[in-house]
2 protein chains.
Amino acid sequence: MTLNNDHVILGVDPGTTVLGYGMIKVVNRQPVFLDMGVLTFKKEKDHFARINAIFNFITSVIKQYGVKEMAIESPFYGENIQSMLKLGRAQGAAITAALQCGIAVTEYAPRAVKLSVTGNGNASKEQVAGLLQHLLKYKNKPETLDATDGLAIALCHFYQGRKTVFSKGCRDWKEFLAKHPERIKTGR
Amino acid sequence: MTLNNDHVILGVDPGTTVLGYGMIKVVNRQPVFLDMGVLTFKKEKDHFARINAIFNFITSVIKQYGVKEMAIESPFYGENIQSMLKLGRAQGAAITAALQCGIAVTEYAPRAVKLSVTGNGNASKEQVAGLLQHLLKYKNKPETLDATDGLAIALCHFYQGRKTVFSKGCRDWKEFLAKHPERIKTGR
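In this report, the structure presented in the accompanying data block is examined. What you are looking at is a predicted structure, and each value in this text was computed from that prediction instead of being measured.

All names here are of chain B. Under the defined criterion, the tally for this structure stands at 7 aromatic pairs over all chains. Each ring, one from F158 and one from Y159, has its centre 5.9 Å from the other, and the planes form 55°; the classification is tilted. Under the relative-accessibility criterion, F158 is labelled buried at 0%.

If you want it as structure tokens, here you go:
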């Protein structure tokens, strides 16, 4: 459904100390910048309170902006086993929030996000942020690169959806699904 | 609040292919067996669908049995980084379900659970299961040891709560909290 008009895509990079997010809206089959930012956990010192804050935040963003799809970054490596467990819990809270709202979730490896947005899987965060501003023409640069990370994931999901649709010779998802009913699956 | 009468404690061992759970009820400051079992994910082949199933299951168990506290096992090592991320997501869904119900969550290392229940941090799963049946006197042995893992976590949480209260010279949590108001903290 990524190419439907007015469709809002949320990209999330949930960490254990900060969560970056970005949103794009599909207008005339093109991605348009909607919003981005970070959720920091200064107030919530307790690990569990942070997890709960992530669930509440993602739920409220989905409802406020009418988000239709969510994409998250899924790293393949981490500092250590314990940090990956904690990262997984943070991701689990964000994923659950989306699924409980009936929103489909897709995950992308960091390299896939960079490749999709910049054409270079090894691009730096600064390069990604620079290209995003060029492509989506937002005025105010965010204070941290966590926000652009989230936005990059949303844009990556849009590109992947468009690639899937166009590669099958369809104009949009409606036509694609009409031609490929076997690709329809429910989130639950 | 672990020693309050009729208090239900839920122990959960959430994995990515099976979730073990067990519950005890506090009666006259003693733990009484309530229920245990496993949630398997044969139907949900998709990783995200499993995460959602965990959230829904924990939410329904909490409501059905009037659970007041939840304890989970928190491993310190795993096969690899990817398996820990997926385990973390499964745990995140279970933790979020409890927090969204306003239930406090406590985590215990596997060794701490074994030590608390059997007096031996290196006890086998079979030894833990055997001692649980002796202590809690339930009739039907569960088919898998995942269920007794969950029950052991619930019993560990009960013992830890009792130890905290008794070590301070109090009869129960009510008296403990009256004497130590600084220990009251909210989950959100």
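The discussion continues.
At a minimum axis separation of 9 Å, helix α2 (residues 81-100) of chain A and helix α1 (residues 47-65) of chain B run at an interaxial angle of 85°. One element, α2 of chain A, and the other, α1 of chain B, form an angle in the roughly perpendicular class. For the pair α2 of chain A and α1 of chain B, contact is made by G92, I95, T96, L99 and Q100 of chain A and by F48, I51, N52, F55 and N56 of chain B, respectively. Each residue belonging to the contact of α2 of chain A with α1 of chain B can be placed in one class, and the counts come to 5 nonpolar, 5 polar and no charged.

With glycine set apart, most residues show a phi of negative sign, and most peptide bonds adopt trans. Residues and elements named next belong to chain A. Backbone geometry places N28, a non-glycine residue, at a positive phi of 50°. Structurally, the position occupied by N28 is in the loop between β2 (18-27) and β3 (30-40). Unusually for a residue other than glycine, R29 sits at a positive phi of about 60°. For R29, the location among the structural elements is in the loop between β2 and β3. Taking the relative accessible area as the measure of exposure, R29 reaches 26% and is therefore partly exposed.

This paragraph deals with the sheet that holds strand β3 (residues 30-40) of chain B. All names here are of chain B. Across the sheet, which stays open at both edges, the 5 strands sit in the order β3-β2-β1-β4-β5 with mixed pairing between neighbours. Pairing within the sheet leaves two strands with one partner each, and these edge strands are β3 and β5 (104-108). Here the strands of the sheet are splayed against their neighbours by 20° on average, with no regard to which way each runs. Bridge count between strand β4 (residues 67-73) and β5: 5 bridges; the pairing is parallel. From the neighbouring strand, E69 faces β5, where its bridge partner is A104.

All names here are of chain A. Between its first and last C-alpha atoms helix α4 (residues 125-136) spans 16 Å; for 12 residues at 1.5 Å apiece the expected length is 16 Å, and the two agree. What α4 keeps buried is the set V128, A129, L132 and L136. For α4, the angular spread of the buried residues around the axis is 95°, confining them to a single face. Exposed residues lying more than 90 degrees from the buried face of α4 are E126 and H134. Looking one or two residues past α4, K137 carries a phi angle of roughly 50°, positive in sign.

This part covers the relation of the copies chain A and chain B. Once turned by 180° and shifted 0.0 Å along the axis, chain A lies on chain B with an RMSD of 0.1 Å. Accordingly, the operation relating the two chain copies is best matched by a two-fold axis. The rotation axis passes nearest to the C-alpha of G88 of chain A in chain A, at a distance of 2.0 Å. Of all interface residues in chain A, 97% are interface residues in chain B too; the two copies therefore contact each other through one and the same surface.

Here is what the cut-offs are and how they apply
Residues numbered from 1 in each chain as written. Chains lettered and ligands numbered in written order. Predicted model: local features only at pLDDT ≥ 70, side-chain atom pairs only at ≥ 80, totals over all residues. Heavy atoms only, no water. Phe/Tyr/Trp six-rings, centres within 6.5 Å; stacked < 30°, edge-to-face > 60°. Buried < 20%, exposed > 50% of the residue type's maximum accessible area, 1.4 Å probe, protein only. Axes fitted to C-alpha atoms, helices over the stretch in contact; angles between N-to-C directions. Helix = DSSP H or I, 4+ residues; strand = E, 2+ residues; numbered from the N terminus. Parallel < 35°, antiparallel > 145°, perpendicular 65-115°, else oblique. Contact = heavy atoms within 4.5 Å. Nonpolar A, V, L, I, M, F, W, Y, C, P; charged D, E, K, R; others polar. Pairing = 2+ DSSP bridges. Expected span 1.5 Å × (residues − 1). Arc of directions from axis to C-beta. Least-squares fit on C-alpha atoms with pLDDT ≥ 70 in both.

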